Amino acid sequence: MNYEFIDTHCHIDGEEFDADREDVIRRAHEVGVAKILVPAIDLASSGRILRLCSQYPGTLYPMVGLHPEEVRADWRQQLDAIKQLLPLLREGAGGGSIGEVGLDFYWSREFEQQQLEAFEEQVRWSAETQLPLMIHCRKAQNELISIIKRYAPELPGGVFHCFTGNEQEARQLLQFDRFVLGIGGVLTFKKSHLPEVLPAAVPLDRIVIETDAPYMAPVPMRGQRNEPAYTLYVLRKLAESYGVSEEEVAAQTNANVARVFGVK
């Protein structure tokens, strides 16, 4: 491989990788994945990720945050504790960020108000600390955009993770000019409309690539445990969709990661 690229979203701290994490990282390096950004979902994973990333400097980059699906009755206590970890993201070579945060009303709206409050607080953290955001959104784009708009001038930017929408939804998110869209395995699925939507609505300088491993494995690995090495299949499909070389996709998405996260 004569080029390198970055997986901007991999839950490599998860138990799914406990048996072979070292091999997973080695396989990623072998196909050109130079760096991996690691999102948290709650207080426990935030601490675990900080420790794990310190063991792989220059390869793994940490996030801390409370995922919307983890917002429960104790959300306030979790946020108070996670906030104490924010200074630790400044240590090392940078690249720390706040995530995975956002809104998810796909399964239930039981904690809708709590999700809205938890997300807005973490958005405020980003504005105050100038740490970028990794944002998850399902069935809540209007509510999410409303919150982002209130803070947009102060926000350093971030990623709208796992974008699977249409051209109109893409343009709504791209109005926030410091943010980019995270594109993963869905791009490769047979029924996906992303190969048409993205070139029509999203410039290549507004995209980063991701796996969301261990979930959402791309074709031809669909149905298997996803891992960072499979970012290569997303990169190849992007190159095909935009009619450019794989090297160009790698160079541009790397530049986008450097711009948003300071990871080079």
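Cut-offs applied
- Residues numbered from 1 in each chain as written.
- Predicted model: local features only at pLDDT ≥ 70, side-chain atom pairs only at ≥ 80, totals over all residues.
- Heavy atoms only, no water.
- Helix = DSSP H or I, 4+ residues; strand = E, 2+ residues; numbered from the N terminus.
- Contact = heavy atoms within 4.5 Å.
- Axes fitted to C-alpha atoms, helices over the stretch in contact; angles between N-to-C directions.
- Parallel < 35°, antiparallel > 145°, perpendicular 65-115°, else oblique.
- Nonpolar A, V, L, I, M, F, W, Y, C, P; charged D, E, K, R; others polar.
- Core = buried A, V, L, I, M, F, W, Y, C linked by side-chain atoms within 4.5 Å.
- Buried < 20%, exposed > 50% of the residue type's maximum accessible area, 1.4 Å probe, protein only.
- Salt bridge = Lys/Arg side-chain N within 4 Å of Asp/Glu carboxyl O.
- Phe/Tyr/Trp six-rings, centres within 6.5 Å; stacked < 30°, edge-to-face > 60°.
- Lys NZ or Arg CZ within 6 Å of the ring centre and 35° of its normal.

1. Some words on the environment of L86
So, step 1. Examined against the element boundaries, L86 turns out to sit in the loop between α3 (75–83) and β4 (97–104).
So, step 2. Taking the C-alpha atoms as reference points, L86 and E120, separated by 34 residues in sequence, lie 16 Å from one another.
So, step 3. Look past the residues within four positions of L86 in its chain and what remains in contact with it is V64, I98, W125, T129 and L131.

2. Points about unusual backbone geometry
Excluding glycine, residues mostly have negative phi values, and the peptide bonds linking residues are mostly trans.
So, step 1. Looking along the chain, the bond that leaves G99 and enters E100 is cis, with omega of 10 degrees.
So, step 2. Turning to its location among the elements, E100 is positioned in strand β4.
So, step 3. Look at Q130: it is not a glycine, yet its phi comes out positive at around 65 degrees.
So, step 4. By the secondary structure assignment, Q130 is in the loop between α4 (112–129) and β5 (133–138).
So, step 5. Notably, K139 is not glycine yet its phi reads approximately 55 degrees, a positive angle.

3. Things to note about the packing of α3 against α4
So, step 1. Put simply, α3 and α4 touch, their axes get as near as 11 Å, and they point 10 degrees apart. Classified by the angle between their axes, α3 and α4 sit roughly parallel to one another. On α4, the residues touching W75, R76, L79, I82 and K83 of α3 are Q114, E117, A118, E121, Q122 and W125.
So, step 2. Its residues placed into classes, the contact of α3 with α4 shows five nonpolar, two polar and four charged.

4. Digging into the nonpolar core
Side chains of nonpolar character tend, in soluble globular proteins, to be buried together.
So, step 1. Counting residues in hydrophobic clusters, the biggest one holds 74 residues, and the most contacted among them are I12, L60, F119, I135, L181, L198 and V202.
So, step 2. Here this core takes six residues from helix α8 (residues 231–242), the largest share from any one element.
So, step 3. Discounting residues that sit within four places of it in the chain, I135 has contacts with V101, G102, F119, L144, I148, V159, F160, H161 and F179.
So, step 4. Judged by nonpolar contacts, the second largest core, of twelve residues, contains I6, L37, V180 and V263.

5. A short note on the pattern of salt bridges
So, step 1. Following the criterion strictly, the structure yields 19 salt bridges and no others.
So, step 2. The salt bridge partner of D104 is R138, with a shortest N-O separation of 3.0 Å. Placement of the pair is D104 in strand β4 and R138 in strand β5, with a sequence separation of 34 residues.
So, step 3. A relative accessible area of 3% means that D104 is categorised as buried.
So, step 4. In this structure, R150 and E120 form a salt bridge, with 3.0 Å as the shortest nitrogen-oxygen distance. Here E120 lies in helix α4 and R150 lies in helix α5 (residues 141–151), a separation of 30 residues in the sequence.
So, step 5. On the accessibility criterion, R150 (48% relative accessible area) is partly exposed.
So, step 6. On the basis of relative accessibility, which here comes to 17%, the residue E120 falls in the buried class.

6. Regarding the packing of aromatic side chains
So, step 1. In the structure shown here, the tally under the stated rule is six aromatic pairs.
So, step 2. Ring geometry for F160 and F176: centres 6.4 Å apart, planes at 50 degrees, overall tilted. Highlighted residues: F160 in strand β6 (residues 158–160) and F176 in the loop between α6 (167–174) and β7 (179–183), separated in sequence by 16 residues. Note on accessibility: F160 and F176 belong to one class, buried.
So, step 3. Each member of the aromatic cluster is reached from another via a ring pair, and the members are F160, F176 and F179.
So, step 4. The residue whose ring lies beneath R222 is F189, and the NZ or CZ to ring-centre distance is 3.6 Å.

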